[in-house]
Amino acid sequence: MTAPGTTEHFDAIVVGSGPMGAHVARELGAAGKTVLVLEAGRASGLTWESYRSYVASYHTAVIKEPNSPYPQNASAPSPLTTDILRIRKGTPDLVGYQVEQGPQAFASTYLRALGGTSLHWLGTTPRFVPNDFRMQKSYGVAVDWPLSYDDLEEWYCRAEWSMGVSANRADQAQLGVWFSRGYDYPMERIPLSYADQVMAKATRGLTHEILGREYPLRVSSLAQARNGTPRTGRIRVAGTVQDGYAPRGAAGNPLMGQRCEGNAACIPICPVQAKYSSLKTLAECDPRQVVLRAQAIATKLHIGHDGRIVGVDYQSYDAEGWGLAPPVTVTADLYVLAGHAVENAKLLLASGAANSSDQVGRNLMDHPFFLTWALANENIGAFRGPGQTSGIESLRDGAFRREQAAFRIDVGNWGWDLATFPPGPAVSELLAQGVVGKRLRRQLGETLPRQVRLGFCVEQLPQAANRVTISREYLDSNGLFRPVIHYDLPDYTWEAMVEAIRLSDAVYARMGIPPEHRHWQMPPGQGDETNYRARDGKDYQLRFYGAGHHVGTHRMGASRTDSVVDRDQRSWDHANLYVVGCGSFPTIGTANPTLTAVALTLRSTRAMLRQLR
Amino acid sequence: MPTSDRAHPDGASAQFVALSVALTGFSEAELHGTGMVPTYLGVIPSIVGQRHQDLLLTRWRNLARRAAGDAELLERLVGEELLADPTLGPLAVNLAYLWYMGQWNQLPATWRAVHGAFAGDTTFVISSQAWEEALAYVAIGSHPPAAKQPGFGSWALPPADLEVP
């Protein structure tokens, strides 16, 4: 059966051109399949010149937030942090694209453009640790994944080689993470910043106690999808032997971006594309097999009598800001939704698809991003290098996860960045005090390079009420659904933020920083704060950011009754529909999710190809 | 705006640069080295009119005369007197911020209430080049994000000495 008005048929239609969509398109195309990629955002970025226009937009943006290089597009709007952070408890926030129903602000954004949110991500790529996949079995909380670390290991290897990850095995082999024999990362670890080295030295041998157990605090290098020094020699990657690695440079200008050049702007844009974005994977697609249609918004899936998907509608716009053309239906043997956790959920809900479990849009999670910061006693060279080059990984797992959340700690390289937005406000503050001239220059130079910042990516558990919904009440200017977000945090997560304050105190004390130079309370005006009474009986006024790690909205599981997709990310309800990406995660763990999503998605392409044979 | 009147110490451009030196703590050579002098010379006139720039430079000449070559005294006079002036202070603050961040900030509501709201007086970054030359990053031993990148691995080295000459 075909839907009316059909003019084109493909082996597969992929919705979204971010890392997931690009990988599916590349893999299916390489296997000789015909693929249509539908991208809602603008058709820009694949040439060096169009990408550089993003850099110029960033330079002249007054508020340099994650989407600032990528001009707002009225035809396919994206959420902005500047909209979201206005939320006040108990009041729906209607500003911008994303509708916030609270009670907490879901303070994360994503980008609808060719390349998706990988244009503005930082590029951090740790693997999940084995216990992240079995939270119920190991700790009696949340749910287990329908696959394990062992099942995913070879796909991690492939994803790391596909995206170009710089890391050292020895630094990453913590908390049960293992590597197959003969494997190594494609590039050596990115050098630790001078600030990292100072912190590593100061905290050597430091341990932290949680619920009666001691955990070591070790500063170690960060795995990053950022070009570094390529490894040479024979390296075994998931069954094939590679002879060294050749870094992938910029899309449309491959000699650019062969190494990270220290632009210190990874979020929101790497000017030379040393950081991975899916533009690189799109550039690897075979154009004879893969049709890319940008400025084409998928609006509805058609479901046939037998439950199979029989078509997808999209609406295009010829210029940004122009209205949408009437829907066009295209058909395929397979349909793959790769449009981001929120947009995937939106499209499924708008189509009444894949939701027999009633889990579509539910279990929305993020890493509440909690900050502490301090003023070191000496110049540690802040404001240089990639956003992070090291982390403290040791509290990502442990027996305490029965009671409270784990976290990944990132050691920031950009001073008090999200805490006080230096250097602009510091300049204004000094000028307001009448400090000018050499005193102004000297005072900035004597303080800002000493700024230390720890960021905590705190775990949260899946909750059915944390969800993305749609409503006829909330439509964008084209009459399409805006995402409506309900979001809250459990005590499990708040308690870990209090732990983060205690831990930070210990780290900063080891660095010899006096209490008056240690901070965790943000200045007023940066979102709402929440009073939390901790286990220690004290009250804490806590405030957090989003990490941009949207997961959980179409979770995978072992049973069709409580999950949306199976372990191959195939819909339980529609045999020819895959819903891929971070939305498939049943739990969030503490790792930045993109690498794991790409590994899962590469694994799913095997099932897709089996089905297309 | 031509920079040729640098040769004439009484020229508007030379006075503008001298005032900028006192505001920013960067030398004349450093400011000229940014390539931004001709652009920044025209910013205040284009936003709130030439008259305000003339008043600012007149006041500057006055302070410079009183300081009589004592750079430290001059800096203090600028910080204490010029910045406290209800009309000229906000313009001087904006000029300093312009050099440090490449950005014009909308003047305070109190200023606009007295002198009028000018159409061009909005908060904006002057240009890509202005961002690339933002001196705040020089002051902190860094570089503007997404510009003047220092190269692979530079961040692992000890930071440079930031002594102000």
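A brief structural summary. What you see is a predicted model; the values in this text were computed from it and never measured.

Quick look at the overall build of chain B now. Counting secondary structure elements, chain B contains 10 helices and two strands. When the helices and strands of chain B are placed in sequence order, the string is α-α-α-α-α-α-α-β-α-β-α-α. The globule rule puts the C-alpha radius of gyration for 165 residues at 15 Å, and the 17 Å found for chain B is close to it. When the backbone C-alpha atoms are referred to their principal axes, chain B occupies close to 50 × 40 × 30 Å. Each of the 165 residues in chain B was classed as buried or not, and the buried ones make up 50%. Averaging the locations of the 9 positively and 16 negatively charged side chains of chain B gives two centres separated by 9 Å.

What follows concerns the side chain of A:His554. Looking at where A:His554 falls in the secondary structure, it is placed in the loop between strand 21 (539-542) and strand 22 (577-579). Each residue touching A:His554, except ones within four places of it in the same chain, is listed here: A:Ala341, A:Asn344, A:Val564, A:Val565, A:Val579, A:Val580, A:Gly581, A:Gly583 and A:Ser584.

The next point concerns helix 9 (residues 341-351) of chain A. Residue and element names in this part refer to chain A. Counting buried positions along helix 9 gives nine out of 11 residues, so the element sits mostly inside the fold. Summarising the contacts, the buried residues of helix 9 are in contact with strand 1 (9-15), strand 10 (296-303), strand 12 (328-337), strand 17 (467-469) and strand 22. Gly-352 occupies a position one or two residues after helix 9 and carries a positive phi of about 60 degrees.

Here we come to the interface of chain A and chain B. How big an interface is tends to be expressed through the accessible area that disappears when the partners come together. Counting residues at the interface gives 51 residues for chain A, matched by 49 residues for chain B. Taken as a group, A:His59, A:Arg384 and A:Arg441 account for 20% of the area that chain A buries against chain B, more than any other trio of residues on that side. Linking chain A with chain B are one salt bridge, by the criterion used here. Across the salt bridge formed by B:Glu30 and A:Arg441, the nearest N and O atoms sit 3.2 Å from each other. Here chain A is connected to chain B by 20 residue pairs in polar contact (both at pLDDT 80 or more).

Below, the discussion takes up the environment of A:Lys201. Residues and elements named next belong to chain A. Relative to the assigned elements, Lys-201 resides in helix 7 (residues 194-202). On the basis of relative accessible area, Lys-201 is assigned to the exposed category, the value being 63%. Linking Lys-201 and Ala-354, residues 153 residues apart in sequence, is a C-alpha distance of 52 Å.

Within helix 11 (residues 424-432) of chain A, burial applies to A:Gly424, A:Ala426, A:Val427, A:Leu430 and A:Leu431. For helix 11 of chain A, the angular spread of the buried residues around the axis is 165 degrees, confining them to a single face. Turned more than 90 degrees away from the buried face of helix 11 of chain A, the exposed residues are A:Glu429 and A:Ala432. Looking at the buried side of helix 11 of chain A, the elements it contacts are helix 12 (437-447) of chain A together with helix 7 (88-101) and helix 10 (135-139) of chain B. Phi turns positive, to about 80 degrees, at A:Gly434, one or two residues after helix 11 of chain A.

Scanning the entire structure with this criterion turns up 27 aromatic pairs over all chains. Between A:Phe179 and A:Tyr185, the ring centres sit 5.6 Å apart and the planes meet at 70 degrees, which makes this aromatic pair edge-to-face. A single burial state applies to A:Phe179 and to A:Tyr185, both of which are buried. Consider the rings of B:Tyr40 and B:Trp99, whose centres lie 4.8 Å apart with planes at 85 degrees: the pair is edge-to-face. In this pair, B:Tyr40 is assigned in helix 3 (residues 37-41) and B:Trp99 in helix 7, connecting sequence segments 59 residues apart. Across the pair, exposure class does not vary: B:Tyr40 and B:Trp99 are buried alike. One aromatic cluster in this structure is built from A:Phe128, A:Phe133, A:Trp145, A:Tyr149, A:Tyr156, A:Trp178 and A:Phe585. If you follow A:Lys64 out to its NZ or CZ, it ends over the ring of A:Tyr58, 5.4 Å from the centre. A cation sits over an aromatic face here: A:Lys64 above B:Trp131, 3.9 Å from the ring centre.

Here we take up the state of the cysteines. Under the definition given, this model contains zero disulfides over all chains. As a non-bridged cysteine, A:Cys260 has A:Cys266 as the owner of its nearest cysteine sulfur, 6.1 Å distant.

Glancing now at the pairing of strand 21 of chain A. Residue and element names in this part refer to chain A. Here strand 21 shows a buried face lined by Tyr-540 and Leu-542 and an unburied face lined by Asp-539 and Gln-541. Summarising the sheet, strand 20 (residues 530-533) and strand 21 pair through four bridges and their orientation is antiparallel. The partner of Asn-531 across the bridge, within strand 21, is Gln-541.

Cut-offs applied
- Residues numbered from 1 in each chain as written.
- Chains lettered and ligands numbered in written order.
- Predicted model: local features only at pLDDT ≥ 70, side-chain atom pairs only at ≥ 80, totals over all residues.
- Heavy atoms only, no water.
- Helix = DSSP H or I, 4+ residues; strand = E, 2+ residues; numbered from the N terminus.
- Rg over C-alpha atoms; globule rule 2.2 N^0.38 Å.
- Buried < 20%, exposed > 50% of the residue type's maximum accessible area, 1.4 Å probe, protein only.
- Lys, Arg positive; Asp, Glu negative; His and termini not counted.
- Charge placed at Lys NZ, Arg CZ, Asp CG, Glu CD.
- Contact = heavy atoms within 4.5 Å.
- Buried area = accessible area lost by both parts, 1.4 Å probe.
- Salt bridge = Lys/Arg side-chain N within 4 Å of Asp/Glu carboxyl O.
- Polar contact = N/O pair within 3.5 Å; in protein donor to acceptor, adjacent residues only side chain to side chain.
- Arc of directions from axis to C-beta.
- Phe/Tyr/Trp six-rings, centres within 6.5 Å; stacked < 30°, edge-to-face > 60°.
- Lys NZ or Arg CZ within 6 Å of the ring centre and 35° of its normal.
- Disulfide = S-S within 2.5 Å.
- Pairing = 2+ DSSP bridges.

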